[in-house]
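Coordinates in review
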Amino acid sequence: MPTKLTPNPESRAPLTRDRVLRAALLLADEHGLESLTMRELGLRLGVEAMSLYNHVANKDDILDGMVDLVVSEIDLPLEPADWREAMRRRAISAQAVFSRHPWASGLVDSRESSGPARLRYLDWVIGTLRRAGFTIEMSERAFSLLDSYVYGFGRQQLNMQVGSDIKPEEIAEAFLQAIPADEYPYLREMVVDHAMKVGYDENADFEFGLNIILDGLQRLLD
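Conventions we followed
Residues numbered from 1 in each chain as written. Predicted model: local features only at pLDDT ≥ 70, side-chain atom pairs only at ≥ 80, totals over all residues. Heavy atoms only, no water. Helix = DSSP H or I, 4+ residues; strand = E, 2+ residues; numbered from the N terminus. Buried < 20%, exposed > 50% of the residue type's maximum accessible area, 1.4 Å probe, protein only. Contact = heavy atoms within 4.5 Å. Areas by Shrake-Rupley, 256 points an atom, 1.4 Å probe, with all protein chains shown as cover. Salt bridge = Lys/Arg side-chain N within 4 Å of Asp/Glu carboxyl O. Axes fitted to C-alpha atoms, helices over the stretch in contact; angles between N-to-C directions. Parallel < 35°, antiparallel > 145°, perpendicular 65-115°, else oblique. Nonpolar A, V, L, I, M, F, W, Y, C, P; charged D, E, K, R; others polar. Phe/Tyr/Trp six-rings, centres within 6.5 Å; stacked < 30°, edge-to-face > 60°.

The number of helices and strands found in the chain is 9 helices and 0 strands. Its helices and strands in sequence order give the chain the pattern α-α-α-α-α-α-α-α-α, from N to C terminus. Burial statistics for the chain: of 222 residues in total, 39% are counted as buried. Taking all contacts inside the chain whose residues are at least 6 apart in sequence as the whole, residues at least 24 apart take part in 72%. Working note: accessible area of the chain is about 13,200 Å², and carbon and sulfur atoms make up 54% of it.

Right, here's the structure in full:
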């Protein structure tokens, strides 16, 4: 965890709630959510930690505000051609946002309070599904299914980033040494003939699962 941060060049600017939240967002992006403390945030902004309480109530208030900032980055088509394309664009955009903010996928759906951006996001998704013809019950289930996939994928990517400074070929070689060919033939085949040759395509992997979900929802709607 960081113990000394260089103040932002704009630290002399008047402190506002937006500046506090955006500094917290940057701190979490750079060092992980566990690095976020009032002390470290004050150092980032070049102020005493107590000064932050003039703009935020507490750490929970900061986390809620950070979630709202992250959600506001997700693309919500204003006039989507159809519900499926709208959900596809929204999911792909959310996945890209969680790639920029790896800590966020585990935080977005855990907060009980919702800011304006998150409320707008929730209403847009539900409204898009309802206008497409989904019942209230099916809209809720479709929303839950899609977001479980998006958030789950984001958390999986975060786990995969642990040790990302190690070269892929080194990881593959170490993995192969632990897989006896006679005991785990199919697993070894996938590693040798696919993973080591093709490599990992995060976007292709995400869209593969997303299309299966959208196909299933379309059949239910039909």
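There is more to say, and it comes next.
Turning to the pattern of salt bridges, a few remarks are in order. Summed over all chains, the structure comprises 12 salt bridges. Across the pair D60 and R111 runs a salt bridge, and its minimum N-O distance is 3.2 Å. A residue pair is termed long-range when its members are at least 10 positions apart, and D60 in helix α3 (residues 59–72) and R111 in the loop between α4 (83–100) and α5 (116–132) qualify at 51 residues. D60 gets classed as partly exposed once you look at its relative accessible area, which sits at 44%. With relative accessibility at 16%, the residue R111 sits in the buried group.

Another aspect to go through is the packing of helix α1 (residues 17–31) against helix α2 (residues 38–45). At their nearest, the axes of α1 and α2 sit 10 Å apart, and the two run at 105° to each other. By the angle between their axes, α1 is roughly perpendicular relative to α2. Note on element contacts: α2 touches α1 through E40, L41, R44 and L45, opposite R19, V20, A23, A24, L26, L27, E30 and H31. Of the residues that constitute the contact of α1 with α2, the class distribution is 7 nonpolar, 1 polar and 4 charged.

Another point: the packing of aromatic side chains. For any two aromatic rings, the description comes down to two numbers: the centre-to-centre distance and the angle of the planes. Evaluated as defined, the whole model comprises 6 aromatic pairs. Here the aromatic rings of Y121 and F143 are separated by 6.4 Å at their centres, their planes lie at 65°, and the arrangement is edge-to-face. Taken together, the positions of Y121 in helix α5 and F143 in helix α6 (residues 136–160) put the pair 22 residues apart, joining distant regions of the chain. A relative accessible area of 2% places Y121 in the buried class. Using a relative accessible area of 11% as the deciding quantity, one classes F143 as buried. Seen in terms of ring centroids, F153 and F206 are 5.1 Å apart; in terms of plane orientation they differ by 70°. Their pairing is edge-to-face. With F153 in helix α6 and F206 in helix α9 (residues 202–221), the pair connects residues that are 53 residues apart, well separated along the chain.

Shape descriptors only; they carry no functional weight alone.
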